[in-house]
Amino acid sequence: MVLHARSWKNFSRDFAARRMMSKVVLFLAFVVAGIVWASMIRIALYSDTWACQSPLSCFSVIWSSRCSKTSNFPDMMRGYAPKPRKRCPIPFAKDPEGLVHSKVRRTPDRLVKGLSYIMEDEPDVNNGSQSLPPFGGGGQKRWFERGESFKLNTTMKVHCGFTRSSGAGMTIADMRYVKGCKKLFCFVMLVDEKILSLMKYRETVEEDIHGGLRAGIWRLIPLKHLPYNETRRNEEISKLLIHRLIPQAQYSIWVSSKMVLVADPLLILERYLWREGHSFAISQHGYHHSIYEEANASKRRKKYSRPRIDAQMKVYQSEGLEPWSTKKRVISDVPEASIIIREHTMLNNLFSCLWFNEVHLFTPLDQLSFGYVAHRLGEAFKYFMFPFCEFNSLFELHSHSWDRFEMRFGGEINVA
């Protein structure tokens, strides 16, 4: 084919124009795709990686397999489906009918034989008012008392949450119920008044002949006059001070409201306490062994104020708590604290009081203070930390919308 000079010139010009147009279209397509992708990432990361301190740390939260364990970044954005929770068989007793609670020998109180609580109100050093400070004023005397409370003696008197005129109050009907609970299992749900109102609106709450409230098998006990403005911190009262709220209970199984128990409570007590002579059992954490790792994850997830978490870790580090290693006598310093199985011995009650005091003094992230209190009590406080896969087999996750209102409640299963 022969092209004239003019025709060749026109052909070259059209070809260059088409090529330029293709580049422009391709560029615009990439720009639009980039904007859409950036918008999707921004929406997905808004609630999870806002606390990142640098683009590199944000990138690690998204793509690092180590960070992905604690990240809420949607699985569809990472390109894989969520992994199912790892479960393993629990070696429960084969003959549950053969378990006789009356034949179970209680753990003797050898070290701490007498435990009492400071009940007098103490003035707040800031404004002179009466309040609930285990060590709230920050004075030298109270900090000294904190150190002394970790020294074990035959008889001890410690701060333990509330005093006579503060803390969690119950109605007369509820106090009569917990004092007269003589059945093997008492299913008690401790709630605040906001949660009770929400349950009356959404659930079937009935009043029994004794004036108490029930929801199915659960006996509802609303706690009044809670001392904190934080719901999360108020929850620690029912979680850690159950031995004060229901002092007649010999054993208790505390269950988080996000869990649905799928195992027989009697089999749980036999498996985790009675069989091997334990008095306190709690699950291992799913990912972390050191409280310093857990603290970093908590800051990354914005679970609480970053400066408060840093201050707590600095105190624990200055007081000799080293990061967990295989050289330690315990398999982990960090529990999965959604279940606590315990016998109400004097030493366990003391541990619960000291654990609550740390929650009061620092942050309501109780997983950060569990290992510290156990460290301060030393080998005297022994506990069974069972595998995380067994923890997953004990429960089914229960999703509810109350977390959106920060109105979570704790369930308590007590053996009287």
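Residues numbered from 1 in each chain as written. Predicted model: local features only at pLDDT ≥ 70, side-chain atom pairs only at ≥ 80, totals over all residues. Heavy atoms only, no water.

The protein chain appears in an unreviewed UniProt entry as Probable hexosyltransferase MUCI70 isoform X5 from Coffea arabica.

1. Topic: the state of the cysteines
Scanning all chains against the criterion turns up two disulfides. Each sulfur of the disulfide joining Cys88 and Cys389 lies 2.1 Å from the other. Between Cys88 and Cys389, the S-S torsion sits near 75°, and that sign places the bridge as right-handed. With a gap of 301 residues between them, Cys88 in the loop between helix H3 (75–78) and strand S1 (114–117) and Cys389 in helix H14 (residues 388–394) connect regions that are remote in the sequence. Residue classification places Cys88 among the buried positions, given a relative accessible area of 19%. Here Cys160 pairs with Cys353 through a disulfide, and the sulfurs are 2.1 Å apart. (Disulfide = S-S within 2.5 Å. Helix = DSSP H or I, 4+ residues; strand = E, 2+ residues; numbered from the N terminus. Buried < 20%, exposed > 50% of the residue type's maximum accessible area, 1.4 Å probe, protein only.)

2. Examining the pattern of salt bridges
Pairing between side chains of opposite charge can happen when the charged atoms of each approach one another. Within this structure, the stated rule accounts for 17 salt bridges. Put simply, Asp366 and Lys239 hold a salt bridge, and the shortest N to O gap is 2.8 Å. Taken together, the residues Asp366 in helix H13 (residues 366–377) and Lys239 in helix H7 (residues 231–240) connect sequence positions 127 residues apart. Given the relative accessible area of 8%, Lys239 is considered buried. (Salt bridge = Lys/Arg side-chain N within 4 Å of Asp/Glu carboxyl O.)

3. Quick notes on the environment of Phe150
Within the secondary structure, Phe150 is located in the loop between helix H4 (140–148) and strand S4 (155–158). Considered as a pair, Phe150 and His375 are 225 residues apart in the sequence and their alpha carbons are 9.8 Å apart. Apart from the residues lying within four places of it in its own chain, the contact partners of Phe150 are Leu354, Glu358, Tyr372, Val373, Arg376 and Leu377. (Contact = heavy atoms within 4.5 Å.)

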